[in-house]
Amino acid sequence: MDTQRLTGMKPLRVLILDDHPAVRQGLELLLETEGIKVCAEAGGYAEVLSRVSDHQPDVVLVDLSLSGKDCFAFLRDLHRLALPFLVYSMHEEGRWVSGAFAAGALGYVTKREVHGVLAEAIRQVAIGRRFVSPRAAIALAEQAACGQTNAALEELNR
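Residues numbered from 1 in each chain as written. Predicted model: local features only at pLDDT ≥ 70, side-chain atom pairs only at ≥ 80, totals over all residues. Heavy atoms only, no water.

Peer 1: Help me understand the environment of Glu120 in this model?
Peer 2: With respect to the secondary-structure elements, Glu120 resides in helix α6 (residues 115-126). In this structure, the C-alpha to C-alpha distance between Glu120 and Glu34, residues 86 residues apart in sequence, is 9.1 Å. Separated by 2.7 Å, the side chains of Glu120 and Gln124 make a polar contact. (Helix = DSSP H or I, 4+ residues; strand = E, 2+ residues; numbered from the N terminus. Polar contact = N/O pair within 3.5 Å; in protein donor to acceptor, adjacent residues only side chain to side chain.)

If you want it as structure tokens, here you go:
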């Protein structure tokens, strides 16, 4: 039974930016089971802006590992356009996570998370909330702990 049709709510619309067609197709199938519609796909940065204006997604799902442009510069471009976006990446180091948030991402989900985490992240980002997946949160915590440890050691050495 289609609960969205019964409640009159439109499904969330997502544009997927990933350079692997099989990944985009797989995400579309997974998100469909969560009631999220993939309204457009892009394989590179150049395609995204035209697809955004044509399809007006609620959220842009961005892979960071694309060639052709600095990924953080691209994220800043999306942020300047006031497009809510979520990073979905294989990168699990804190510098990638913090860099994405610094560039304007509302969420970060690592590709080793289960699809339910990604669906929840999309829902949260669509309403303007921040979302950090468990693996990304651990990476941020480790980065912060290393930074605090280094600062504490520097203080002791003075």
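Now, onward.
Peer 1: Looking at this model, I keep getting lost on the side chain of His91. Mind explaining?
Peer 2: By secondary structure assignment, the location of His91 is in the loop between β4 (85-89) and α5 (94-102). Of the residues examined, His91 reaches a relative accessible area of 14% and is grouped as buried. (Buried < 20%, exposed > 50% of the residue type's maximum accessible area, 1.4 Å probe, protein only.)

Peer 1: Whenever I open this one, the packing of helix α2 (residues 21-33) against α6 confuses me. Can you help?
Peer 2: Packed helices, taken two at a time, are described by the angle their axes make and the gap between the axes. At their nearest, the axes of α2 and α6 sit 10 Å apart, and the two run at 75° to each other. On the basis of their axis angle, the class for α2 and α6 is roughly perpendicular. Between α2, through Leu27, Leu30, Leu31 and Thr33, and α6, the contact on the second element is made entirely by His115, Leu118, Ala119 and Ile122. Of the residues belonging to the contact of α2 with α6, the class tally is six nonpolar, two polar and no charged. (Axes fitted to C-alpha atoms, helices over the stretch in contact; angles between N-to-C directions. Parallel < 35°, antiparallel > 145°, perpendicular 65-115°, else oblique. Contact = heavy atoms within 4.5 Å. Nonpolar A, V, L, I, M, F, W, Y, C, P; charged D, E, K, R; others polar.)

Peer 1: Whenever I open this one, the sheet that holds strand β5 (residues 107-110) confuses me. Can you help?
Peer 2: The pairing of strands in a sheet happens through backbone hydrogen bonds and is either parallel or antiparallel. Judged by pairing direction, the sheet is parallel, and its six strands sit side by side in the order β2-β1-β3-β4-β5-β6 without closing on themselves. Of all strands in the sheet, those with a lone pairing partner are β2 (36-42) and β6 (131-132), marking the two edges. When strand β1 (residues 12-17) meets β2, the two strands line up parallel, connected through six bridges. Opposite Leu12, over in β2, you have Ile36 as the bridge partner. Strands β1, β2, β3 (59-62) and β4 of the sheet are contacted by α2, whose axis makes an angle of about 165° with β2. (Pairing = 2+ DSSP bridges.)

Peer 1: Please clarify how the pairing of β5 should be interpreted in this entry.
Peer 2: A regular strand places its side chains so that they alternate between the two faces of the sheet. Of the two faces of β5, the one holding Gly107 and Val109 and the one holding Tyr108 and Thr110 are both buried throughout. Examined bridge by bridge, β4 and β5 share four bridges and lie parallel to one another. Paired with Leu86 across the bridge in β5 is Gly107. Between β4 and its parallel partner β5, the chain crosses via α5, and the hand of that crossover is right-handed. (Right-handed = clockwise from strand over helix to strand, strands pointing away.)

Peer 1: Would you take a moment to explain unusual backbone geometry for this structure?
Peer 2: With the exception of glycine, most residues fall at negative phi, and the peptide bonds are largely trans. Phi is positive for Gln56, which is not a glycine, with a value near 45°. For Gln56, the location among the structural elements is in the loop between α3 (45-55) and β3. Exposure remark for Gln56: the relative accessible area of 61% places this residue in the exposed category. Although it is not a glycine, Ala82 adopts a positive phi angle of roughly 60°. Examined against the element boundaries, Ala82 turns out to sit in the loop between α4 (71-80) and β4. A residue is classified by how much of its surface remains accessible, and Ala82, at 65% relative accessible area, is exposed.

Peer 1: When you look at α3 in this model, what are you seeing that I'm missing?
Peer 2: Residue pairs three or four apart in sequence face the same way in an α-helix, which turns once every 3.6 residues. Residues Tyr45, Val48 and Val52 constitute the buried set of α3. One face of α3 carries all of its buried residues, which in axial projection span an arc of 25°. Structural note: α3 exposes Ala46 and Asp54 on the side pointing more than 90 degrees away from its buried face. The secondary structure elements touched by the buried residues of α3 are β1, β2, β3 and α4. (Arc of directions from axis to C-beta.)

Shape is all these values report; function is a separate question.
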